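Take a look at the letters that make up each chain.
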Amino acid sequence: MTSSWDLRIARAGELAKKNSAVSELLEFYQRLARFQKSVYQAVESSPDHDLAILPRHFPALLSLIRESGSPALQESAQALEHASAEERLDLLTGFWQHEVDLDQLPPEYGFFAHALLQPYAEYLAGRTNASTEASPPLCPFCGSKPQLAVLRPEGDGAKRFLLCSLCGTEWLFRRLLCPNCAEENKDHLPVFTAAEFDYVRVDACDTCRTYIKSIDLTKNGKAVPVVDELATVSLNMWAQEHDYQKLQPNLFGV
Ligand SMILES: [Zn+2]
Ligand SMILES: [Zn+2]
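Quick notes on the rules
Numbering of residues starts from 1 in each chain and follows the order in which that chain's sequence is written. Following the order in which they are written, the chains are lettered starting with A and the ligands numbered starting with 1. Totals for whole chains, interfaces and linings use all residues, but because this is a predicted model, local features are given only for residues with pLDDT of at least 70 and pairs of side-chain atoms are given and counted only at 80 or more. To get the side-chain values, take all heavy atoms of the structure and skip hydrogens and water. Each residue gets one of three labels from its accessible area relative to the maximum for its type: buried under 20%, exposed over 50%, partly exposed in between, using a 1.4 Å probe on protein chains only. Working definition: helices are DSSP H or I runs of at least four residues, strands are E runs of at least two. Numbering for both runs from the N terminus. Should DSSP find at least two bridges between two strands, the strands are regarded as paired. Donor selection uses N, O and S atoms within 2.8 Å of the metal (3.2 Å for Na, K and Ca). Since no water is included, sites may look incomplete. Any site counts as irregular unless it has four donors with all angles between 85 and 135 degrees, making it tetrahedral, or four or six donors with opposite ones more than 155 degrees apart and the rest between 65 and 115, making it square planar or octahedral. Angles here are taken between N-to-C directions and fall from 0 to 180 degrees, while the axes themselves are lines fitted to C-alpha atoms, restricted in helices to the stretch in contact. Working definition: roughly parallel below 35 degrees, roughly antiparallel above 145 degrees, roughly perpendicular at 65 to 115 degrees, and oblique for all remaining angles. The contact criterion used throughout is that any non-hydrogen atoms of two residues lie within 4.5 Å. Under the scheme applied, nonpolar residues are Ala, Val, Leu, Ile, Met, Phe, Trp, Tyr, Cys and Pro; charged residues are Asp, Glu, Lys and Arg; polar residues are all the others, including Gly. Working rule for helices: expected span equals 1.5 Å times residues minus one. Note that the arc is computed from the directions linking the helix axis to the C-beta atoms.

Most of strand β2 (residues 157–164) is tucked away, with 6 of its 8 residues classed as buried. Taken together, the 8 bridges between strand β1 (residues 146–154) and β2 define a ladder with antiparallel strand orientation. In the strand pairing of β2, V150 is matched with F161. Counting the residues between successive antiparallel strands, the hairpin from β1 to β2 contains 2 residues, one of them, G155, with a positive phi of roughly 60°. Bridge count between β2 and strand β3 (residues 170–172): 3 bridges; the pairing is antiparallel.

Listed as protein donors to the zinc ion (ligand 2) are C178 (SG), C181 (SG), C205 (SG) and C208 (SG); their distances from the metal cover 2.2 to 2.3 Å. One way to put it: the 4 donor atoms around the zinc ion (ligand 2) meet at angles of 107 to 113°, and that makes the site tetrahedral. Counting the intervening residues between successive donors of the zinc ion (ligand 2) yields the motif C-x2-C-x23-C-x2-C. Here C181 is found in the loop between β3 and β4 (191–194), whereas its partner C205 is found in the loop between β5 (197–204) and β6 (210–216), with 24 residues between them in sequence. Relative accessible area serves as the criterion here: at 1%, C205 is assigned to the buried category.

Moving on, we come to the packing of helix α3 (residues 58–68) against helix α5 (residues 85–96). Taken N-terminus to C-terminus, the directions of α3 and α5 make an angle of 85°; their axes are 12 Å apart at the nearest point. Between α3 and α5, the crossing angle belongs to the class labelled roughly perpendicular. Residues F58, P59 and L62 of α3 pack against R88, L91 and L92 of α5. Its residues assigned to classes, the contact of α3 with α5 shows 5 nonpolar, no polar and 1 charged.

In this structure, C139 (SG), C142 (SG), C164 (SG) and C167 (SG) serve as the protein donors to the zinc ion (ligand 1), at separations of 2.3 Å. Each of the 4 donor atoms bound to the zinc ion (ligand 1) contributes to angles spanning 100 to 117°, and the resulting shape is tetrahedral. Taken in sequence order, the residues that donate to the zinc ion (ligand 1) follow the motif C-x2-C-x21-C-x2-C. In this pair, C142 sits in the loop between α6 (108–126) and β1 while C167 sits in the loop between β2 and β3, placing the two residues 25 residues apart along the sequence. As far as burial versus exposure is concerned, C142 and C167 are alike and both buried.

An α-helical turn contains 3.6 residues, so a residue and the one three or four places further along point in the same direction. With 12 residues, α5 should reach 16 Å at 1.5 Å per residue; the first-to-last C-alpha distance of 16 Å fits that figure. Among the residues of α5, those classed as buried are R88, L91, L92, G94 and F95. Each buried residue of α5 lies within a common arc of 160° when the element is viewed along its axis, so the set occupies one face. The exposed residues of α5 that point more than 90 degrees off its buried face are A85 and E86.

Keep in mind that these numbers describe shape and distance, not what the molecule does.
Here's what the structure looks like:
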């Protein structure tokens, strides 16, 4: 059976070949996803699934960043190189419990924390059933913001789900509802698409000026939402130019 990590790695490779503008980003993502897969497997086989097992994966992540990270990530990697095991665990715990004062930390630290916490959270979330009919704006499992929306075929139409930015939980969410400010008037919820990616939409809100991207699996069943969201960063630039803020930047800060 192909794991969901393998699907992501394969899809990133496929899209990197097709789209030279994002090939570097997707190849970097591929390396990162291989690392995250190894963390996931380590969490899976650990007896107690305690957060304390994560710091031991820091060295591999730091060396991946030294080899292929951006200059800003490399700088933070250097600082984290000198952090003690305890400081590294504190960083992870702070992000996991949503108790981090983001203004006090270099923004790149969020990358390291999320790179390690995502596979951990995804493993834990996969063992529980946090589904809900109530359209909550935050993940019903871990309380994080959604990374993107997914439209899945349902009868003749599609149902909309939000995908958690940390643990990968998908939860049902009403189609005409802003996940940021709860606006529900469709006249204030414009949808934008670009001709080159007809299955990816920018779902915007004119009331709070935020947007979330939706991957429409009824139009492209091969899409792997997290990867296709990355491969279409040109839409993020477009939205930003039109004065919309992304509800939750992805792991790479875009
Ligand atoms: Zn979550
Ligand atoms: Zn809104």
